[in-house]
Amino acid sequence: MTKKNRDIADVIPYSEQVDQTRVPAANDYLIERHVPELFLAPYHHHTSVEINFLEICEMDYSFSGTQTTLAPGHLTVFWGAAPHVVTDVRGNGIITNIYLSLGQFIRWGLPTEFVDAILTGAVLSTTAAKATDKLFMDRLYSEQDHKSRLWRRLHLTEIENRLRRLALEGWTTLLAPRTAPTHGELTSQALLHVEAMLRHIADNFTIPINVNDIAAAANLSQGRASDLFKQVMGVTIRQQLQRARLSHARMQLTETNAKIASVALDSGFASLSTFYEAFTSANQITPAQYRSQARRGNPFVAEHSSL
């Protein structure tokens, strides 16, 4: 059954859709499996390198407006910083996704041509479907609850070796690297700086931190950090910090009975008035109204919870 993408005119632009849920911790990875479906937002992007594997269906992706098709039985690899959206799904199948931190991907020292293609926005795929790739993804997914350091190291080594084999065997380029100035023209070190800033925000947004603190975490001046972050992520450091805090606040409002003043402070806001102003501006409703509507399952909440 063909699924058509929703009207994107009523939702938030991709630059406001940075997805932090798909950024694994250092020396770790994330894996998920689900029925492929269209995104609620028009585009999303994240800083992880993504490995996709489709079964019994094919899927159309749009990367910044350029279409490509993912075929069943093939591993597909791309850097999630490129704004992307699922525009069509054909067939009733499943997709398995692996997410790797940008730092992890770079540290492996994979063949330069392969790494450069990924970092300049190429979407790469295996040249042929292999039964061993299904077994590989099935096993990783079934073992995802093995979270000890030794198990995670084993799994990361296996993922590294599979990518190294892909790089050596050759690949099909589903989407060519960009030729216009974009994220990929930054150096690997610059991208690691951005990842360090994102990690610092994710780990510390609940306490009083500012742009200078975040820049220092990447060993950069505030000016250089701000320019670099905006160039890669499409939003400012301050916007990203506020979105992390608002996302946490929405979760607290939905899933706990904490007083709104406590939610504000626990989410890193310096005062209740600052929280109210930021929350109402981002969601067009007050925190109390948001909590009430979320608990009634009002679709308005899903529509306005992607900041």
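Residues numbered from 1 in each chain as written. Predicted model: local features only at pLDDT ≥ 70, side-chain atom pairs only at ≥ 80, totals over all residues. Heavy atoms only, no water.

**With respect to unusual backbone geometry**
Working step 1: The backbone of Ile 56 shows a phi angle near 60°, a positive value even though the residue is not glycine.
Working step 2: Mapped onto the fold, Ile 56 is located in the loop between strand E2 (49–55) and strand E3 (58–63).
Working step 3: Phi at Asn 219 is positive, roughly 55°, even though this residue is not glycine.
Working step 4: Mapped onto the elements of the fold, Asn 219 is located in the loop between helix H6 (211–217) and helix H7 (222–233). (Helix = DSSP H or I, 4+ residues; strand = E, 2+ residues; numbered from the N terminus.)

**Overview of the packing of aromatic side chains**
Working step 1: One pass over the structure, following the stated rule, counts nine aromatic pairs.
Working step 2: With a centroid separation of 5.5 Å and an interplanar angle of 65°, the aromatic rings of Phe 114 and Trp 171 are classed as edge-to-face. In this pair, Phe 114 sits in helix H2 (residues 112–119) while Trp 171 sits in the loop between helix H4 (149–169) and strand E9 (172–175), placing the two residues 57 residues apart along the sequence.
Working step 3: By relative accessible area, which is 1% here, Phe 114 ends up buried.
Working step 4: Taking the centre distance of 5.2 Å and the plane angle of 55° together, the rings of Phe 269 and Phe 275 count as tilted. The pair Phe 269 / Phe 275 is uniform in exposure class, with both members buried.
Working step 5: Members of the aromatic cluster, connected to one another through ring pairs, are Phe 269, Phe 275, Tyr 276, Phe 279 and Tyr 290.
Working step 6: Directly above the ring of Tyr 141 sits Arg 33, whose terminal nitrogen or CZ lies 4.7 Å from the centroid.
Working step 7: Its guanidinium or amino end placed over the ring of Tyr 29, Arg 152 lies 4.3 Å from that ring's centre, counting from NZ or CZ. (Phe/Tyr/Trp six-rings, centres within 6.5 Å; stacked < 30°, edge-to-face > 60°. Buried < 20%, exposed > 50% of the residue type's maximum accessible area, 1.4 Å probe, protein only. Lys NZ or Arg CZ within 6 Å of the ring centre and 35° of its normal.)

**Topic: empty space enclosed by the protein**
Working step 1: Scanning the entire structure with this criterion turns up two cavities of 30 Å³ or more.
Working step 2: Of the volumes computed, that of the second largest cavity is approximately 40 Å³.
Working step 3: Ile 51, Leu 75, Ile 98, Phe 136, Met 137, Ile 159, Arg 162 and Leu 163 are the residues that line the second largest cavity.
Working step 4: Elements represented by at least two residues in the lining of the second largest cavity include exactly helix H3 (131–142) and H4.
Working step 5: Looking at the lining of the second largest cavity element by element, the count peaks at three residues for H4.
Working step 6: In terms of residue class, the lining of the second largest cavity is built from seven nonpolar, no polar and one charged. (1 Å grid on protein atoms, 1.4 Å probe; cavity = no way out; pocket = protein on both sides within 12 Å on 5 of 7 lines; lining within 4 Å. Points joined across faces, edges and corners; volume = space filled by probe spheres on them. Nonpolar A, V, L, I, M, F, W, Y, C, P; charged D, E, K, R; others polar.)

**Digging into the confidence of the model for the protein**
Working step 1: Within the protein, residue pLDDT values average 82, and 83% of them lie at 70 or more.
Working step 2: Least confident of the elements in the protein is helix H12 (residues 299–303), whose mean pLDDT is 42; most confident is H3, at 97.
Working step 3: For residues 1–17, every residue scores under 50 in pLDDT, and the model assigns this stretch 49 contacts once sequence neighbours within four places are set aside.
Working step 4: Confidence drops under pLDDT 50 across residues 179–185; counting only partners more than four residues distant or on other chains, this segment forms 10 contacts. (pLDDT = per-residue confidence, 0-100. Contact = heavy atoms within 4.5 Å.)

**Comments concerning the pattern of salt bridges**
Working step 1: One pass over the structure, following the stated rule, counts 14 salt bridges.
Working step 2: One salt bridge in this structure joins Arg 90 and Glu 58, with 2.8 Å as the shortest N-O distance. Note that Arg 90 is positioned in strand E6 (residues 84–90) and Glu 58 in strand E3, a separation of 32 residues in sequence.
Working step 3: We classify Arg 90 as partly exposed; its relative accessible area is 24%.
Working step 4: Residue classification places Glu 58 among the partly exposed positions, given a relative accessible area of 30%.
Working step 5: Here Asp 133 makes a salt bridge to Arg 162, at a shortest N to O gap of 2.7 Å. Here Asp 133, found in helix H3, pairs with Arg 162, found in helix H4; they are 29 residues apart in sequence, far enough to count as distant. (Salt bridge = Lys/Arg side-chain N within 4 Å of Asp/Glu carboxyl O.)

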